[in-house]
Amino acid sequence: MIKSNNEPPAGEIRQSQLLSTYGPGAMVDLPKHSVIIGGLGHWLFDRKYKKIQEERLETAVCRILGLSKVELREPPTSNNTHLEIKTGIRTFIFPNWFLGQIEEKWLSNGKEYRTRPLIPSKHLTGGKYLDRNRKKQSVVPVRFVQACINGHISDVDWPKFVHQQSSCQCSGQLWFDEGDTSSNFAEIFVRCESCGARRPLADATIADLKALGNCHGERIWIRDREECISPETGKPVANRLLVRSASNAYFPQQISVISLPQKDQELREAVNNVYEIISCAENIDELVIYRRVGQVKSSLKHFSDQQIWQEVERRKNNPSQENKAIKTSEIETLLSSGKNMDSQQSQGDFFARNQVIENLDKQLKGKLESIILVDRLREVVAQIGFTRFEPAIADIDGELKLDVKPAPLDSEIKWVPAIENRGEGIFISFFSEAIEQWLAREAVQQRGKALNKGFLEWLGRRGIKPEKFSFPGLPYIMLHSLSHLLITRLSLECGYCASAIRERIYSGDGGYGILLYTGSPSSEGTLGGLVQQGERITEHLINALELGKLCSNDPVCASHRPDSSYEERFLHGAACHGCLLIAETSCERRNEFLDRSLVINTIEQDDVDFFSI
């Protein structure tokens, strides 16, 4: 984050955090104030900013955002000298209301409240508050702002809020009265010193009161505003109270792909290195001239003019002909690595080899199709937007479902931020016939109806129409639950903590499988501990199944009903923190759609598990 050409940056964060936690529109606490990260138009790059090449991801981003073309760029890095072009990210002070750090008391109805002055930034002097004795006092940003479901955000109009229920519209000094140290909004009041008007902050949390008024569509991170109208009702959207540091203040919308070997991979990589230069050529004759440049000549010396020009034209006219879902392409490539028992695939950032399966346990025989050890993989992650209050939902193919309207990263999207993670993984595929036979069992179908009933209840509670988001299906839930058990088991021996191992679940037209992988933004990748354990993966699978049989919270966990309104865990079967729930950095579905009874028999269900003997 930058301030000016002569001042040092106000703070520093990692590049990967700009996609996961502190992207455009996110709020960050600094020592003296809070700021909001500027949109992409406020990101400053030097002349050598890095473009990331990943056509499948570019195509997916264009499809989701309705663009014809988009670039993937690595976030800017800071420079160390003032002589270089200033790089970084502009931020804007937000909120613009502060609380004075003074100790005063206020009595109301016999109860003592701690009270602090609520001051707009324009009334501060040198970033300080002048108290009654004209002594400068420190201030901190107020914890509360207002936002809407469309991502717009602004300061609460505190004078209007406190005087809304009275006829007086004075401009007296406002105070924050806090009854205790908890976060109970009913014990926090906003008070006007002049007229005595006083209102509990809890009123701002009651939807029917609309105490914060309608949203004016302010997009502070872009420095503009837009009309904020609900598409369902055609009426203005009401503001909602938002705690700046709350977990629902910012949900980045990310999309990721695993880089896979393609036809003419060597040619594509060579063209990548010099594409900025040769893309200026308008025909093959001009390309011949560009090929005389030293860098271009050395990079493309093994290819003919016709080959290179065809690749350049392909990129200019239609970067990707592939319309398959993200995960479909991935599982097809991974499965192709296991067709031949001795096969190996090594191209660029992808290296996979087949693990010979011998002496399978009777629980796994007839179910496990292949095991692929991925010694080298590259994951590219891009952020395409963000939401507040509710996260966006992705389907089982990795495509984002925009049932929640995303807030844009800029007023006009020409590029999106992306990062590369290099690492390793283990891919486990299962016979489609075995899963189909399992699905045909009557008990499994009844269990599916119970899980679907909970899913429909979950949709109803959130006002999501069933046609916008479909039930992922029992194969997905079973594989997802097995993946969590396996991550917990592998973390005990592979050298990585469970939160560092991530999952990709494949349950669609391409086949059924689980990819467990780990990655690092470093160009060196990871240490190989996960692949090493992959050589004993059948042993780990058996141990994971044993782990799932009994939970420390049984029988409560095993007997949980998905549609139970008392617990409100509508997307869970037999799943809790004692057995299946893991770090959300590892799970692709935020710990939802889990049921270990589909994997292995439990004390409540012994006839619906996939791995029954």
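The structure displayed is predicted, hence computed values, not measured ones.

Where do I start with the overall build of the protein chain in this structure?
Within the protein chain, the regular secondary structure consists of 13 helices and 29 strands. When burial is assessed residue by residue, the protein chain has 52% of its 613 residues classed as buried. The long-range fraction of contacts in the protein chain, counting pairs at least 24 apart against all pairs at least 6 apart in sequence, stands at 69%. When the accessible surface of the protein chain is summed, it comes to about 29,100 Å², and 46% of that surface belongs to carbon and sulfur atoms.

Quick question: what am I supposed to make of the packing of aromatic side chains here?
What characterises a pair of aromatic rings is the spacing of the ring centres plus the angle enclosed by the ring planes. Applying the stated criterion across every chain, the model contains 20 aromatic pairs. Taking the centre distance of 6.4 Å and the plane angle of 80 degrees together, the rings of F430 and F610 count as edge-to-face. One end of the pair, F430, is in strand β27 (residues 415–430); the other, F610, is in the segment after α13 (537–549), and 180 residues separate them in sequence. On the accessibility criterion, F610 (2% relative accessible area) is buried. Geometrically, the ring pair formed by W438 and F610 is edge-to-face, given 5.7 Å between the ring centres and 80 degrees between the ring planes. With W438 in helix α9 (residues 432–439) and F610 in the segment after α13, this residue pair connects regions lying 172 residues apart in the sequence. Note on accessibility: W438 and F610 belong to one class, buried. Chaining the aromatic ring pairs together yields one cluster made of F144, W158, F161, F176 and F185. Lying over the aromatic face of F161, R199 brings its terminal NZ or CZ to 4.7 Å of the ring centre.

So what exactly am I meant to see when it comes to the packing of helix α11 (residues 474–490) against α13 here?
Orientation of α11 relative to α13, taken along the N-to-C sense of each, is 110 degrees, at an axis distance of 9 Å. It follows that α11 is roughly perpendicular to α13 by the angle criterion. Two packed elements cross with a definite hand, and for α11 against α13 that hand is right-handed. Note on element contacts: α13 touches α11 through I537, H540, L541, N543, A544, L545, L547 and G548, opposite L482, L485, L486, T488, R489 and L490. In terms of residue class, the contact of α11 with α13 is made up of nine nonpolar, four polar and one charged.

How should the sheet that holds strand β1 (residues 27–29) be read in this particular structure?
Strands in a sheet are paired, the pairing made by backbone hydrogen bonds, and the direction either parallel or antiparallel. Pairing is antiparallel across the open sheet formed by three strands, whose spatial order is β1-β2-β6. Two strands close off the open sheet at either side, each with one partner strand: β1 and β6 (91–93). Between one strand axis and the next, the sheet turns through 35 degrees on average, direction left out of account. Of the strand pairs in this sheet, strand β2 (residues 34–37) and β6 are connected by three bridges, and their pairing is antiparallel. Counterpart to V35 in the pairing with β6 is I93.

Would you take a moment to explain empty space enclosed by the protein for this structure?
Where empty space is left becomes clear once a probe the size of a water molecule has been rolled over the atoms. Following the criterion strictly, the structure yields three cavities of 30 Å³ or more and no others. What lines the second largest cavity is simply Q146, H152, I153, S154, C215, H216, G217, E218 and N239. Within the lining of the second largest cavity, the residues separate by chemical class into two nonpolar, six polar and one charged.

Honestly, helix α2 (residues 55–65) in this entry has me stumped. Any pointers?
One turn of the α-helix equals 3.6 residues, which is why residues spaced by three or four share an orientation. For α2, the buried fraction is high: nine of the 11 residues fall into the buried class. Along α2, the residues classified as buried are E55, R56, L57, E58, T59, A60, V61, C62 and I64. Immediately downstream of α2, the backbone of G66 shows phi near 70 degrees, a positive value.

Help me understand the pattern of salt bridges, please; the structure alone is not making it clear to me.
Note on pairing: side chains with opposite charge can pair once their charged atoms come close. The final tally for this structure, using the stated rule, is 35 salt bridges. E330 serves as the salt-bridge partner of R56, at 3.5 Å between the closest nitrogen and oxygen. Taken together, the residues R56 in helix α2 and E330 in helix α8 (residues 326–336) connect sequence positions 274 residues apart. By relative accessible area, which is 10% here, R56 ends up buried. The shortest N-O distance in the salt bridge between R461 and E568 comes to 3.1 Å. Pair noted here: R461 is in helix α10 (residues 442–462) and E568 is in the segment after α13, with a separation of 107 residues, a long-range link. Judged by relative accessible area, R461 falls into the partly exposed class, the value being 41%.

Even after reading the chapter, I still don't get the sheet that holds strand β13 (residues 144–147), so can you show me in this structure?
Read from one edge to the other, the open sheet built from three strands follows the order β14-β13-β20, with strand pairing classed as antiparallel. Two strands bound the open sheet, and with one partner strand each, they are β14 (153–154) and β20 (240–243).

Cut-off values and rules
- Residues numbered from 1 in each chain as written.
- Predicted model: local features only at pLDDT ≥ 70, side-chain atom pairs only at ≥ 80, totals over all residues.
- Heavy atoms only, no water.
- Helix = DSSP H or I, 4+ residues; strand = E, 2+ residues; numbered from the N terminus.
- Buried < 20%, exposed > 50% of the residue type's maximum accessible area, 1.4 Å probe, protein only.
- Contact = heavy atoms within 4.5 Å.
- Areas by Shrake-Rupley, 256 points an atom, 1.4 Å probe, with all protein chains shown as cover.
- Phe/Tyr/Trp six-rings, centres within 6.5 Å; stacked < 30°, edge-to-face > 60°.
- Lys NZ or Arg CZ within 6 Å of the ring centre and 35° of its normal.
- Axes fitted to C-alpha atoms, helices over the stretch in contact; angles between N-to-C directions.
- Parallel < 35°, antiparallel > 145°, perpendicular 65-115°, else oblique.
- Left-handed = near helix turned anticlockwise from the far one by under 90°.
- Nonpolar A, V, L, I, M, F, W, Y, C, P; charged D, E, K, R; others polar.
- Pairing = 2+ DSSP bridges.
- 1 Å grid on protein atoms, 1.4 Å probe; cavity = no way out; pocket = protein on both sides within 12 Å on 5 of 7 lines; lining within 4 Å.
- Points joined across faces, edges and corners; volume = space filled by probe spheres on them.
- Salt bridge = Lys/Arg side-chain N within 4 Å of Asp/Glu carboxyl O.

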